[in-house]
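# Report on the structure
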Amino acid sequence: MTRRVVITGVGAVTPLGIGAQTLIERWSAGESGIEDGFGRCRDFEPLDFLSKKEARRADRFTQMAIAAGNEAIAQAWGEDGELPYDPYRIGCLIATGIGGLVSLEREQEKLITSGPKAVSPLAVPLMMANAATAAVSMRHGLQGECYAVASACAAGSNGLGDAARMIRAGGAEAVVAGGAEACITGVATAAFAAMEATSASGISRPFDARRDGFVMGEGAGVLVLEEQGAAEARGAEILGELIGYGATGDAHHLTAPQPEGEAAAKAISLAITDAEKSAVDVDYVNAHGTSTPLNDAAETKAIKAALGERAADIPVSSTKSSIGHLLGAAGAVEAIATLEALRRREAPPTVNWEEAEEGLDLDYVPGHSKPIENGDGPLVAISNSFGFGGHNAVLVLEA
Amino acid sequence: MPTQVSPENVEKTIFDGLVELGTERDQLARDASLEDLDVDSLDLVELAQIVEDEYGVELKGDDVKDVKTVGEVIDLVVAKAS
């Protein structure tokens, strides 16, 4: 018998504020969390969630993952967080693009200015890519399979896909899974600017003819995934279902996507097949939509190739228009945004979209949210994530 | 110049250091147990860095592996310095 994966809790820290509902409500209203060319989580105060000692022992990306994890687990399992399953049957998987870059750069500075004896003994546990997973699993006593996934900007979606497979394969009853990233640092901002990946104008306008690169964001998204039968048996409120996952590699270029998006299209098709659906069943696309010239053109082609005529009939919008690019956290935060969009039966807008470009002719939901239409039954969406290195990960959600 | 090693100076350094690492100041006392204060091996390594910066006294992991109270840490630093 097939094991199915449901979502019972969500939590988010984003440039729009604290909380998954803040994310969806503000994005749906067309608001933006981007200021001065960055999507910073200005409302995030670590000591609201952590003791002074815990905060010292966590890089910013880990601090955000802990806050998002608390929210998701409280929703799924109650404020006291009592685990509903054997702890060894609950995994934890928090993806990241880079890990604790804030800590790495701080310790590097100490090394250069004051020598090796000034480097903190906490440096490695703060900067390691699996630090957020370790912190969330320790905080809640999750003793099943625990690790981090790193696939740049696809990491959040790869991580959720892996987590779903853990449950499907019988390795866990539940996985606390998501992504976290906080690398608005000197090195990362300079490096992305040097390769002209980030927007010189500081405006995130995916699929618009004037787009000139992505806007760096930071944040975390965490979901509680559970095996459907187990969740139903304990009477859980089920928010939606992660019904499919597909992932491919471009094997093309270190940073540029394939111009025609062939491998991205393949990932979409694999995900839809995995969900036992067809292209005509897809009601909404939460695009990767970075606002870079290359991604948005290639992704549009990929969506058309994978969905055929259906692509022209459904809304396609980008969360990054509102919060910027959360890199390794993007897939997880966008999965939450997609789930909540389906629950509201409303596609939030691609903020700032005004000017069409030849060939980029999908319904990118300009201006305002619009209804996702397909009768009264559950709706289906795909959420795309593509990362440097040519990593493509696509989730299919139903709610 | 390193600060002069005296029990009073070292106590102040250790107390301030532990507060910096996240311990509540009102919990601090010479006879407070490190375990009760949730001071673990990573804290002791950080504390050793603070002590070395201040007094030029080097504490290794082996030196602190058996200390149980805040007072024992203070005494150890004073003893190592003399």
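Residues numbered from 1 in each chain as written. Chains lettered and ligands numbered in written order. Predicted model: local features only at pLDDT ≥ 70, side-chain atom pairs only at ≥ 80, totals over all residues. Heavy atoms only, no water.

Attention shifts here to the overall build of chain A. Of the regular secondary structure elements, chain A holds 13 helices and 13 strands. Taken along its principal axes, the extent of the C-alpha atoms in chain A is 60 × 50 × 40 Å. The buried share of chain A, taken over its 399 residues, is 59%. By sequence separation, contacts in chain A at least 24 residues apart represent 80% of the contacts at least 6 residues apart. Accessible surface, chain A as shown: approximately 14,500 Å² in total, 52% of it carbon and sulfur. (Helix = DSSP H or I, 4+ residues; strand = E, 2+ residues; numbered from the N terminus. Buried < 20%, exposed > 50% of the residue type's maximum accessible area, 1.4 Å probe, protein only. Contact = heavy atoms within 4.5 Å. Areas by Shrake-Rupley, 256 points an atom, 1.4 Å probe, with all protein chains shown as cover.)

Here the focus is the layout of surface pockets. Estimated volume of the largest pocket: approximately 670 Å³. Taken together, 32 residues make up the lining of the largest pocket; nearest its centre are Lys110, Ala118 and Ser120 of chain A together with Glu46 and Gln49 of chain B. Mapped onto the lining of the largest pocket, the elements with two or more residues apiece are α2 (52-56), α3 (60-77) and α4 (101-114) of chain A together with α2 (41-55) and α3 (61-64) of chain B. Considering each element in turn, the lining of the largest pocket owes the most residues, 8 residues, to α2 of chain B. (1 Å grid on protein atoms, 1.4 Å probe; cavity = no way out; pocket = protein on both sides within 12 Å on 5 of 7 lines; lining within 4 Å. Points joined across faces, edges and corners; volume = space filled by probe spheres on them.)

Now for helix α10 (residues 262-274) of chain A. Residue and element names in this part refer to chain A. Taking 1.5 Å per residue as the helical rise, α10 with its 13 residues ought to reach 18 Å, and the 18 Å between its terminal C-alpha atoms agrees with that figure. All buried positions along α10 are accounted for by Ala263, Ala264, Ala265, Ala267, Ile268, Ala271 and Ile272. Considering only its buried residues, α10 is in contact with β7 (240-249), α11 (293-307), β12 (380-387) and β13 (391-398). (Expected span 1.5 Å × (residues − 1).)

This next bit is on the pairing of β13 of chain A. Residues and elements named next belong to chain A. Along β13, 7 of the 8 residues are buried, which leaves the element largely enclosed by surrounding structure. Taken together, the 8 bridges between β7 and β13 define a ladder with antiparallel strand orientation. Note that in β13 the partner of Tyr245 across the bridge is Leu395. As paired strands, β12 and β13 are joined by 8 bridges and run antiparallel to one another. (Pairing = 2+ DSSP bridges.)

Moving on to empty space enclosed by the protein. Residues and elements named next belong to chain A. The final tally for this structure, using the stated rule, is 1 cavity of 30 Å³ or more. Computed from the structure, the largest cavity encloses a volume of approximately 30 Å³. If you trace the largest cavity, you find it lined by Ala164, Arg165, Arg168, Leu242, Gly244, Tyr245 and Asp274. Elements supplying a minimum of two residues to the lining of the largest cavity: α7 (155-168) and β7. Split into classes, the residues belonging to the lining of the largest cavity amount to 3 nonpolar, 1 polar and 3 charged. (Nonpolar A, V, L, I, M, F, W, Y, C, P; charged D, E, K, R; others polar.)

Turning to the interface of chain B and chain A, a few remarks are in order. Taken residue by residue, the interface counts 15 residues in chain B and 10 residues in chain A. Summed over both sides, the interface of chain B with chain A buries roughly 1,100 Å², with 39% coming from carbon and sulfur. The largest contributions to the chain B side of the interface with chain A come from Leu42, Glu46 and Gln49 of chain B, which together make up 43% of the buried area. Counting the contacts that link chain B with chain A gives 6 salt bridges. Arg57 of chain A is the partner of Asp40 of chain B in a salt bridge, and the nearest nitrogen-oxygen pair spans 2.5 Å. Taken together, chain B and chain A are joined by 10 residue pairs in polar contact (both at pLDDT 80 or more). Listing elements by their share of the side of chain B that touches chain A, those giving two or more residues are α1 (7-20) and α2 of chain B. (Buried area = accessible area lost by both parts, 1.4 Å probe. Salt bridge = Lys/Arg side-chain N within 4 Å of Asp/Glu carboxyl O. Polar contact = N/O pair within 3.5 Å; in protein donor to acceptor, adjacent residues only side chain to side chain.)

Before going further, it helps to examine the packing of α7 of chain A against helix α13 (residues 330-344) of chain A. Residues and elements named next belong to chain A. Their axes nearest at 5 Å, the elements α7 and α13 cross at an angle of 70°. By the criterion of interaxial angle, the relationship of α7 to α13 is roughly perpendicular. Residues Gly156, Ser157 and Leu160 of α7 form the contact with α13, whose own contacting residues are Gly331, Ala332 and Ala335. Here the residues of the contact of α7 with α13 sort into 3 nonpolar, 3 polar and no charged. (Axes fitted to C-alpha atoms, helices over the stretch in contact; angles between N-to-C directions. Parallel < 35°, antiparallel > 145°, perpendicular 65-115°, else oblique.)

What follows concerns the packing of aromatic side chains. All names here are of chain A. The final tally for this structure, using the stated rule, is 5 aromatic pairs over all chains. Arranged with centres 4.3 Å apart and planes meeting at 10°, the rings of Phe207 and Tyr364 form a pair that is stacked. Here Phe207, found in the loop between α8 (186-194) and β6 (219-227), pairs with Tyr364, found in the loop between β10 (346-347) and β11 (370-371); they are 157 residues apart in sequence, far enough to count as distant. Here Phe207 falls in the buried class, since its relative accessible area comes to 0%. Residue Tyr364 is classed as buried on the basis of its relative accessible area, which comes to 1%. Members of the aromatic cluster, connected to one another through ring pairs, are Phe192, Phe214 and Phe388. Its guanidinium or amino end placed over the ring of Phe38, Arg40 lies 4.6 Å from that ring's centre, counting from NZ or CZ. (Phe/Tyr/Trp six-rings, centres within 6.5 Å; stacked < 30°, edge-to-face > 60°. Lys NZ or Arg CZ within 6 Å of the ring centre and 35° of its normal.)

What follows is about the nonpolar core. Residue and element names in this part refer to chain A. The biggest cluster of nonpolar side chains holds 49 residues, and the ones touching the most others in it are Ile7, Val10, Leu23, Leu160, Val175, Leu225 and Leu242. Per-element accounting of this core gives the leading share, 9 residues, to α13. Beyond its immediate sequence surroundings of up to four residues, Ile7 is in contact with Leu223, Val224, Leu225, Glu237, Ile238, Leu239, Gly240, Glu241, Leu242, Leu339 and Leu397. One finds Val6, Ala55, Ala72 and Ala76 within the second-largest nonpolar core, a separate group that totals 35 residues. (Core = buried A, V, L, I, M, F, W, Y, C linked by side-chain atoms within 4.5 Å.)

Taken as a whole, this structure holds 37 salt bridges over all chains when the rule is applied. One salt bridge connects Arg210 of chain A with Glu354 of chain A, and the closest N-O pair in it is separated by 3.2 Å. With Arg210 of chain A in the loop between α8 and β6 and Glu354 of chain A in the loop between β10 and β11, this residue pair connects regions lying 144 residues apart in the sequence. With a relative accessible area of 29%, Arg210 of chain A lands in the partly exposed category. A salt bridge links Arg25 of chain B to Asp16 of chain B, with the nearest nitrogen and oxygen atoms 2.9 Å apart. Classification of Arg25 of chain B by relative accessible area gives partly exposed; the value is 46%. Residue Asp16 of chain B is classed as partly exposed on the basis of its relative accessible area, which comes to 29%.

It is worth spelling out the pairing of strand β3 (residues 90-95) of chain A at this point. Residue and element names in this part refer to chain A. Within β3, 6 of the 6 residues are buried, leaving the element largely enclosed by the surrounding structure. Going residue by residue along β3, you find Ile90, Cys92 and Ile94 tucked away on one face and Gly91, Leu93 and Ala95 tucked away on the opposite face as well. For β3 and strand β5 (residues 174-181), the ladder comprises 6 bridges, and the chain directions are parallel. Counted as the bridge partner of Ile94 is Gly178 from β5.

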